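Examining the three-dimensional arrangement
Here is what each chain is made of, one letter per residue.
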Amino acid sequence: MKKIAVLFSNGTEELEALTPVDVLRRAGADCDIVSICGNYPVGSHNITVKADRLVEDVVFDVYDCIVIPGGMPGATKISENNYAMNGVKKAIKQNKVIASICASPAVVLASNRLIDGKKATCYPAESFIQMMNVADYTGADVQVDGNLITANGPKSAFKFSLEIINYLDSQDQDCIFDCILTILDYIIWDIDNDEIEN
């Protein structure tokens, strides 16, 4: 069973953090929410999340992948946390999977010169794109370059999550189909309700 750490801070974008947690757990992975802000960090939309572990207590060596959500100021807080950044840097040296979305490819990875020359994407704000000048910025929804997986924001959170599963090759195909069908059911339900309201 693959082990994944999903970093979470006060100000983290909840959708970008919790979508991977949900999808990865459905696929059978052991996925921990690792907080840098106590047991109950509060996301960027004022949603309180219960952490599985505190970053200062975590041994990152046991994880196969580290997921770094975006959201501001959450991404900045992660980039300034020594425990989190030491774990990320060590994981990169060990060729483990680093999955980063929205602001975090720029704010956490590029600003720390951890993705120099790598193909990567991020949230398409001009300030973030400028920070990505050390990387090969593609502007894709989801970009994979070796063990680096990046995505551009909340709209790509589900695709981002499936890409992590695909890379780790830990998937139970039935679980993935279940995830896809759940999303499709939601989309169809949403369309049907729009038609009813109109």
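Scroll up to find the structure.
Residues numbered from 1 in each chain as written. Predicted model: local features only at pLDDT ≥ 70, side-chain atom pairs only at ≥ 80, totals over all residues. Heavy atoms only, no water.

It is worth spelling out the sheet that holds strand 9 (residues 148-151) at this point. Spatial strand order, 3-2-1-4-5-9-8: 7 strands in an open sheet with mixed pairing. Each edge of the open sheet is held by one strand with a lone partner, namely strand 3 (53-54) and strand 8 (142-145). Running over the sheet, helix 1 (residues 14-26) touches strand 1 (3-8), strand 2 (30-35), strand 4 (65-68) and strand 5 (97-101) and is turned about 155° from strand 2. Along the sheet face, helix 3 (residues 82-93) touches strand 1, strand 4 and strand 5 and points at about 130° away from the line of strand 4. (Pairing = 2+ DSSP bridges. Helix = DSSP H or I, 4+ residues; strand = E, 2+ residues; numbered from the N terminus. Contact = heavy atoms within 4.5 Å. Axes fitted to C-alpha atoms, helices over the stretch in contact; angles between N-to-C directions.)

Next up on the list: the nonpolar core. The biggest cluster of nonpolar side chains holds 31 residues, and the ones touching the most others in it are Leu7, Ile68 and Leu109. If you list the elements that add at least two residues to this core, you get strand 1, strand 4, helix 2 (74-79), helix 3 and helix 4 (104-109). Beyond its immediate chain neighbours, meaning those up to four positions away, leucine 109 contacts Ile68, Val88, Ile98, Ser100, Ser104, Leu114, Ile115 and Leu148. In terms of nonpolar packing, the next biggest core, distinct from the first, is built from 26 residues, Val49, Val97, Ala99 and Ala157 among them. (Core = buried A, V, L, I, M, F, W, Y, C linked by side-chain atoms within 4.5 Å. Buried < 20%, exposed > 50% of the residue type's maximum accessible area, 1.4 Å probe, protein only.)

The two faces of strand 9 match: Leu148 and Thr150 on one face and Ile149 and Ala151 on the other face are all buried. Pairing between strand 5 and strand 9: 4 bridges, direction parallel. Paired with alanine 99 across the bridge in strand 9 is isoleucine 149. Pairing between strand 8 and strand 9: 4 bridges, direction antiparallel. Note on strand 9: the bridge partner recorded for aspartate 145 is leucine 148.

Looking at where serine 9 falls in the secondary structure, it is placed in the loop between strand 1 and helix 1. With residues near it in sequence (within four places) discarded, serine 9 still touches Ile36, Cys37, Pro41, Val42, Gly74, Lys77 and Ile78.

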